[in-house]
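# Commentary on secondary and tertiary structure
Here is what each chain is made of, one letter per residue.
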Amino acid sequence: MVRVDVKPSDPTDEQPTIGLIGMGAMGTMYAKHLAEAGWKKISVCDRPENFESLKLTYQGDPATLNLSHHVYSHEIVLPDEPAITVHRDGHAVSRISDFIMYSVEADLIHKVVAQYGPSTKVGAIVSGQTSVKTPEKDAFEKHLPSDVHIVSMHSLHGPTVSPVGQPLVLVPIRAPDECLKFLESIFSSFRSRYVYLTYEEHDLITANVQAVTHAAFLTMGTAWAAQRYYPWEHGHYVGGIETVKVNIMLRIYANKWHVYAGLAILNPSAKIQIDTYASSATDLYKLMIEGDAKGLRERIYAAREKVFGVRPDEDGCSTPIFLTEDVLDQFSIGKRSSPSPSEGNTPLINSHLSLLAMLAATPVFRMWIGVAEYLFRSTERLNAALNVAVDDVTLRSDDLEFVVAARGWSQCVAFGNFELYRDRFERTAAFFESRFEEANKLGSAMIKAIHESNGVGK
């Protein structure tokens with residue numbers, strides 16, 4: 001193995017060959033950042049049918065790659081530093097690389113590793129970038145030779161987000177400590193925050209942090225699409241929390257379905273958490289339609305105390321850590337509607353069943369941009385939501401659609417059928433597709449403004 005403290009500034013012949021199998025969004029992100037850091041021997045490949053288009057993509061960026069075609073090996077070779085070589089398939093990458101990362105869809109990891117794993121170079125370190133580590137570990141242990149090392153990885157951010165300061169999870173499966181130190185050297189230029197977990201810990205945490213969050217926003221989109229209207233155009237979901245809910249929902253549906261399917265279906269912990277979330281939404285809705293204000297309040301306040309440490313007799317914190325109404329209202333898509341009968345001249349208030357269910361059902365480690373904290377740490381906001389949940393039927397039909405959608409997504413995940421998940425996702429996405437561009441622009445600006453208002457990145 002190449003020495004563990006290798007640096008991009010070292011001579012080319014002392015550097016490792018870094019192999020990337022899968023050049024989707026995340027693989028491309030890794031190639032970009034590694035090349036920019038100065039690593040000079042990067043070998044990449046995608047599906048064989050994408051070989052020609054991958055050549056054109058990199059040949060079209062002469063400022064960073066300036067690639068030329070090698071007619072005998074069917075590779076693209078960069079004669080001058082830095083070097084990225086595009087190969088036709090994973091066999092060519094595996095047999096020469098000291099470090100190999102599989103960046104493929106989670107449901108394809110067994111197939112791809114079975115195909116290319118036997119060609120892995122002796123003593124190489126093999127990793128994966130899928131969001132679920134249990135099937136990845138099984139695939140590596142089943143299909144890789146015994147004379148290679150296994151350290152899985154997971155960058156906990158999307159391909160368009162800077163890796164600086166973001167968690168980069170390292171999951172040692174079959175490797176000595178030197179392999180971890182080697183990977184820390186390779187990815188030091190990312191300036192990410194290393195987190196060391198077992199594969200079981202990783203899958204449990206991602207189920208808590210990511211899977212339920214995704215399920216909540218997927219459910220919102222399905223519920224709104226079922227009613228065949230854009231909620232912000234009716235003035236029902238405008239301003240404050242509503243801005244976050246709508247923008248994040250649209251951003252999720254603007255992505256590829258498989259980004260979320262693998263995490264939900266292949267992660268055993270995620271299935272449990274998503275089912276718990278759907279059951280919690282159902283239980284809360286029953287309390288609402290029964291008019292059981294006492295039971296609803298007890299359950300929600302117990303969740304608030306458990307997660308945020310705020311006792312029922314405490315006022316909480318009306319000023320959230322992450323969000324302010326003034327910041328969020330800059331990015332509303334629609335205009336406020338007329339007030340509901342129970343609210344007089346004040347804006348329409350939502351029951352926020354989606355967020356109530358999230359906290360009542362699962363332990364929460366970090367919700368996107370603090371939306372749950374915004375509601376639960378403010379006694380005033382929380383009480384307003386609880387009162388509306390029991391006394392105001394203005395949005396009761398929306399709540400019903402949400403419960404139906406939540407149970408539908410839970411059943412979809414429980415079936416473990418990727419095509420069913422894809423169909424359900426794409427049907428909803430098609431309804432909102434015309435608004436994706438607008439939502440992505442607003443969402444990006446919103447997240448940037450929130451970061452700046454909290455001193456992040458300054």
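Residues numbered from 1 in each chain as written. Predicted model: local features only at pLDDT ≥ 70, side-chain atom pairs only at ≥ 80, totals over all residues. Heavy atoms only, no water.

## Some words on the overall build of the chain
- For the chain, the count of helices and strands is 18 helices and 10 strands.
- Partitioning the contacts of the chain with sequence separation of at least 6, the portion at a separation of at least 24 is 75%.
- Of the roughly 19800 Å² of accessible surface on the chain, 52% is carried by carbon and sulfur atoms. (Helix = DSSP H or I, 4+ residues; strand = E, 2+ residues; numbered from the N terminus. Contact = heavy atoms within 4.5 Å. Areas by Shrake-Rupley, 256 points an atom, 1.4 Å probe, with all protein chains shown as cover.)

## Details of the pattern of salt bridges
- Here the structure, examined in full by the defined rule, presents 13 salt bridges.
- E36 is paired through a salt bridge with K32; the nearest N and O atoms lie 2.9 Å apart. Remark: K32 and E36 occur in helix α1 (residues 25-37); sequence separation between them is 4 residues, near one turn of the helix.
- When salt bridges that share partners are traced, they join R3, D5, D10 and E14 into one network. (Salt bridge = Lys/Arg side-chain N within 4 Å of Asp/Glu carboxyl O.)

## Details of the pairing of strand β9 (residues 167-174)
- Summarising the sheet, strand β8 (residues 149-155) and β9 pair through 6 bridges and their orientation is antiparallel. By the bridge assignment for β9, S152 is matched with V171.
- As judged from the 4 bridges shared by β9 and strand β10 (residues 193-196), these two strands associate in the parallel manner. Looking at β10, one finds that V169 is bridged to V195.
- Each parallel crossover has a hand, and the one from β9 via helix α6 (residues 177-186) to β10 is right-handed. (Pairing = 2+ DSSP bridges. Right-handed = clockwise from strand over helix to strand, strands pointing away.)

## A few points about empty space enclosed by the protein
- The tally for this structure, following the rule as stated, stands at 4 cavities of 30 Å³ or more.
- For the second largest cavity, the calculated volume is near 70 Å³.
- Looking at the second largest cavity, the residues that line it are A211, H214, A215, L218, Y260, L263, A264, I274, W409, V413 and Y421.
- Of the residues forming the lining of the second largest cavity, the biggest block, 4 residues, is contributed by helix α7 (residues 199-226).
- Residues that form the lining of the second largest cavity fall into these classes: 10 nonpolar, 1 polar and no charged. (1 Å grid on protein atoms, 1.4 Å probe; cavity = no way out; pocket = protein on both sides within 12 Å on 5 of 7 lines; lining within 4 Å. Points joined across faces, edges and corners; volume = space filled by probe spheres on them. Nonpolar A, V, L, I, M, F, W, Y, C, P; charged D, E, K, R; others polar.)

## Observations regarding helix α17 (residues 418-432)
- Taking 1.5 Å per residue as the helical rise, α17 with its 15 residues ought to reach 21 Å, and the 21 Å between its terminal C-alpha atoms agrees with that figure.
- Listing the buried residues of α17 in full gives F418, Y421, F425, T428, A429, F431 and F432. Along the axis of α17, the buried positions cluster into a sector of 165°, meaning they face one direction only. Residues of α17 that are exposed and point more than 90 degrees away from the buried face comprise E419 and R427. (Expected span 1.5 Å × (residues − 1). Buried < 20%, exposed > 50% of the residue type's maximum accessible area, 1.4 Å probe, protein only. Arc of directions from axis to C-beta.)

## Structural notes on the nonpolar core
- Y253, L296, Y421, F425 and F432 are the most contacted members of the largest nonpolar core, which totals 61 residues.
- Here F425 is in contact with L218, I252, Y253, N255, K256, W257, Y260 and W409, once residues within four sequence places are set aside.
- Formed by 33 residues, the second largest nonpolar core is a distinct cluster that contains V6, V86, L168 and L170. (Core = buried A, V, L, I, M, F, W, Y, C linked by side-chain atoms within 4.5 Å.)

## Notes on the confidence of the model for the chain
- Across the chain, pLDDT averages 81, with 76% of residues at or above 70.
- Throughout residues 336-347 the model reports pLDDT below 50, and contacts reaching past four residues in sequence, or to other chains, amount to 22 contacts.
- For residues 354-367, every residue scores under 50 in pLDDT, and the model assigns this stretch 49 contacts once sequence neighbours within four places are set aside. (pLDDT = per-residue confidence, 0-100.)

## Some remarks on the packing of helix α11 (residues 293-308) against helix α15 (residues 379-391)
- The interhelical angle for the contact between α11 and α15, taken along N-to-C directions, is 145°, at an axis separation of 10 Å. For the crossing formed where α11 meets α15, the hand is right-handed. Contacts between α11 and α15 involve A293, L296, R297, I300, Y301 and R304 from the former and T379, L382, N383, L386, A389 and V390 from the latter. (Axes fitted to C-alpha atoms, helices over the stretch in contact; angles between N-to-C directions. Left-handed = near helix turned anticlockwise from the far one by under 90°.)

## Comments concerning the environment of L287
- Along the chain, the position of L287 falls in helix α10 (residues 268-290).
- Judged by relative accessible area, L287 falls into the buried class, the value being 15%.
- Expressed as a C-alpha distance, the spacing of L287 and R299, which sit 12 residues apart in the sequence, is 9.9 Å.
- The residues contacting L287, other than those within four sequence positions of it, are D292, G295 and L296.

## Re the packing of aromatic side chains
- Per the counting criterion, the structure on display carries 12 aromatic pairs.
- Their ring planes at 85° and their centres at 5.0 Å tell us that F431 and F432 sit as a pair that is edge-to-face.
- Owing to a relative accessible area of 0%, F432 belongs among the buried residues under this scheme.
- Feature note: the residues Y30, F99, F187 and F190 constitute an aromatic cluster, connected by ring pairs.
- Above the face of the W409 ring, R424 is positioned so that its terminal group lies 4.9 Å from the ring centre. (Phe/Tyr/Trp six-rings, centres within 6.5 Å; stacked < 30°, edge-to-face > 60°. Lys NZ or Arg CZ within 6 Å of the ring centre and 35° of its normal.)

## Examining the side chain of T206
- Position of T206 among the secondary structure elements: in helix α7.
- Of the residues examined, T206 reaches a relative accessible area of 4% and is grouped as buried.
- Within the structure, the side chain of T206 is placed 3.3 Å from the side chain of N267, a separation counted as a polar contact.
- Once residues lying within four places of it in the same chain are set aside, the contact partners of T206 are S131, H154, L156, A211, L263 and N267. (Polar contact = N/O pair within 3.5 Å; in protein donor to acceptor, adjacent residues only side chain to side chain.)

## Topic: the environment of I300
- Along the chain, the position of I300 falls in helix α11.
- Take I300: its relative accessible area is 0%, and that puts it in the buried class.

## With respect to the environment of T160
- If you trace the backbone, T160 turns up in the loop between β8 and β9.
- For T160, a relative accessible area of 76% gives the class exposed.
- T160 sits 134 residues away from M26 along the chain, and the two C-alpha atoms are 8.9 Å apart.

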